[in-house]
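# Commentary on secondary and tertiary structure
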Amino acid sequence: MSPLLLAGATLNQTPLDWEGNLNNIIQAISLAKEKKVDLLCFPELCITGYGSEDLFLSYWYPKKALQSLQTILPHTSGITVFVGLPIRINTKVYNCMAILENEEILGFVPKQFLAIDGVHYEARWFTPWKSGEEITLECFDTKYPFGDIIFEKNGHKYGFEICEDAWRSTDRPGYRLKKRGVDIIFNPSASHFAMGKSEQREILVKESSTDLGVAYLYVNLLGNESGRMIFDGEILFSENGHCLVKNKLLSYQDYQLVTVAYPVQQPQPLELNHSLDTKNEEFMAASTLALFDYLRKSRSRGFVLSLSGGADSSTIAILVADMVKRGVEELGTALFLKKINRASDIAPESSIPEIIGKIFTTAYQGTKNSSEATLNSAHNLAKSLGATFHHWTIDEEVDSYTKKIETALGRKLTWEQDDIALQNIQARTRSPIIWMLANIKNHLLLSTSNRSEGDLGYATMDGDTSGSISPIAAVSKDFILQWLRWAEKEKGYHGLQSVNALQPTAELRPQEQSQTDEEDLMPYPIISAIEKLAIRDRRSPMDVYLILKEEISLEPSLLKAYIAKFFGLWSINQWKRERLAVSFHLDEFNVDPKTWYRFPVLSGGYREELALMETLEE
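Just so it is clear, the structure is predicted and the values come from calculations on it, not from any experiment. (Residues numbered from 1 in each chain as written. Predicted model: local features only at pLDDT ≥ 70, side-chain atom pairs only at ≥ 80, totals over all residues. Heavy atoms only, no water.)

## A few points about the pairing of strand β10 (residues 184–189)
With respect to burial, β10 is a largely interior element, six of its six residues being buried. Side-chain alternation along β10 places Ile184, Phe186 and Pro188 on one buried face and Ile185, Asn187 and Ser189 on a second face that is also buried. Where strand β9 (residues 156–160) lies against β10, three bridges are found, and the strand directions are parallel. Each residue of the ladder has a partner; that of Tyr158, found in β10, is Ile184. (Buried < 20%, exposed > 50% of the residue type's maximum accessible area, 1.4 Å probe, protein only. Helix = DSSP H or I, 4+ residues; strand = E, 2+ residues; numbered from the N terminus. Pairing = 2+ DSSP bridges.)

## Thoughts on the environment of Glu271
Tracing the chain through its elements places Glu271 in the loop between β16 (255–262) and α5 (276–297). Counting along the chain gives 27 residues from Glu271 to Leu244, while the straight-line C-alpha distance between them is 9.3 Å.

## Observations concerning a nonpolar patch on the surface
On the surface, a nonpolar cluster with roughly 320 Å² of combined accessible area is contributed by Trp575, Val601 and Leu602. Counting through the fold element by element, Trp575 comes out in helix α19 (residues 574–578). Residue classification places Trp575 among the partly exposed positions, given a relative accessible area of 36%. (Patch = residues over 30% accessible without salt bridge, like charges linked within 9 Å, V, L, I, M, F, W, Y side chains within 5 Å. Areas by Shrake-Rupley, 256 points an atom, 1.4 Å probe, with all protein chains shown as cover. Salt bridge = Lys/Arg side-chain N within 4 Å of Asp/Glu carboxyl O.)

## A short note on the packing of helix α17 (residues 541–551) against helix α18 (residues 556–572)
Between α17 and α18, the least distance of the axes is 10 Å, while the angle of their chain directions is 140°. Classified by the angle their axes make, α17 and α18 are oblique. Classified by chirality, the crossing of α18 by α17 is right-handed. In contact with Pro541, Val544, Tyr545, Leu548 and Lys549 of α17, α18 contributes Pro556, Leu559, Lys560, Ile563 and Phe567. By residue class, the composition of the contact of α17 with α18 is eight nonpolar, no polar and two charged. (Axes fitted to C-alpha atoms, helices over the stretch in contact; angles between N-to-C directions. Parallel < 35°, antiparallel > 145°, perpendicular 65-115°, else oblique. Left-handed = near helix turned anticlockwise from the far one by under 90°. Contact = heavy atoms within 4.5 Å. Nonpolar A, V, L, I, M, F, W, Y, C, P; charged D, E, K, R; others polar.)

## Some details on the pattern of salt bridges
Under the definition given, this model contains 30 salt bridges. Between Lys477 and Asp312 there is a salt bridge whose closest N-O contact spans 3.4 Å. On the criterion of sequence distance, the pair formed by Lys477 in helix α13 (residues 477–490) and Asp312 in helix α6 (residues 311–331) is long-range, its members being 165 residues apart. The closest approach of N and O atoms between Arg451 and Asp587, which form a salt bridge, is 3.1 Å. Of the two residues, Arg451 sits in helix α12 (residues 451–456) while Asp587 sits in the loop between β22 (582–583) and α20 (607–615), which places them 136 residues apart along the sequence. Asp587 matches Arg451 in its accessibility class, with the two residues each being buried. Each member of the salt-bridge network shares a partner with another, and the members are Arg201, Glu202, Asp232, Glu234 and Lys246.

## Things to note about the nonpolar core
In terms of nonpolar packing, the biggest core is built from 80 residues, with Leu40, Phe42, Leu69, Val83, Phe108, Ile530 and Phe566 touching the most fellow members. If you tally residues by element for this core, the top one is helix α16 (residues 524–536), at eight residues. Residues Ile230, Phe283, Leu291 and Ile346 belong to the second largest nonpolar core, which totals 63 residues. (Core = buried A, V, L, I, M, F, W, Y, C linked by side-chain atoms within 4.5 Å.)

And the structure:
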């Protein structure tokens, strides 16, 4: 047996960008050949992009993917390459890896277990392959082996677990591959980003190398591929229970290539540490990359944000600014500007604040209920980042709407009788003018709703929910609050000092009422505690109460009241969650019905379940 140089290549792909996807693959192959790589593994479904959705169901789409495969073949002389694509056989579509070597197809390996939980709906498009089965597939006028196949190079046997295959405990294909004597298992994946998930993958890869007695190479997709799901581009290699290779995650590059010599002669295990700082950094890195990819793939020219001076909009402002900073540092100014389609009108010698000013416009839209503190907070933050800042008031427009309704109803509107309507009209009045600014500039409008607000419907539809994308809709408010303090202290964003000194408030009621978000709702940590049990763990109101009664120091009657409020508001506000702008999946769960959690728009609202909870002893 002679040694092998293995490589994993992560790719930032886009559905229907056939030319761009092929170019990334071919460039990575070219680089691998320069490095004398023997076996090169690309991620799952890399030819089409994992996020192709119902395009997988069409007849022409898998056929065109095969045409792309044919284009790749001439580039595989002197190297073995694994690429992912959908293969249609009669009425069924399979999620496959094609094994290419010396301009020939050696065979196809289909996925055996489909990801069908959380953000994944693979069973809608694909059929799982049965272990141990092998057929022949005819394409390009030739018959090729298709199925549960292993391969060999330089005397080393190798096989595949495709993403979800590896997470199926004792049912996973790896155990059968072990019995067949493979030396190396490749795991081409399309594993979504979530804070903390990299640590789970590290454990999987290390334990796989031990349990299966193999060298294990894992390769993930990269970037915000198609709008919602982010891939971190992770490449991991493990042998004998030690993680020996791990690349830099969440890169702005089109592709990354990592090589490892097999067998490893002098293994040097990596020290991998994870903490709250890791989670904060992951959130920042993933969100900024997602914004970068969304901006360039949508071919928009920048971002517009209604900057209130509060926590949510300030978080998004920092993320946009940091996107520019990271992009310029990794790609260089000229390439960064080219990628965001602004090379023609922004000079390559521009500083980071100057670029931010050209692509990021903010506006503080005050009313008589707004405070000087939030205006100063917004202005100081925008100035510290270099963002363009506007300030106007909307009292005239609010008064106009209010007077028209008062005339129609024949009475004056009062805070005692019309509280919600008087709050909502202010938020809604901000929407048309900020949308107008975004339209004129051909910018994306950023919505500022967070997950805690999404839980309880604490947002004005067609008001603060207005936007093209909602970058923080998948993270809780208490996470955001601690993250802002971390970003000020650890990342040097000193413009957040005023933001972090403020108590979260919508500023929609008269100032003398001293409105705060937590007075309107409940303490944010309580929302998060209930949410994790009710939504993430799908527990009943009774279960939530019995668990939290032991974990939280609250009067039982108050805890019951909070739980009832949560489930009640959750139920009646599903229609709002159905209409939220496109959001990024960032945490272990989210409340976006288009990705993670589906719930009926109309329901009984847990009436019986809440009544049962009230009968429990306190």
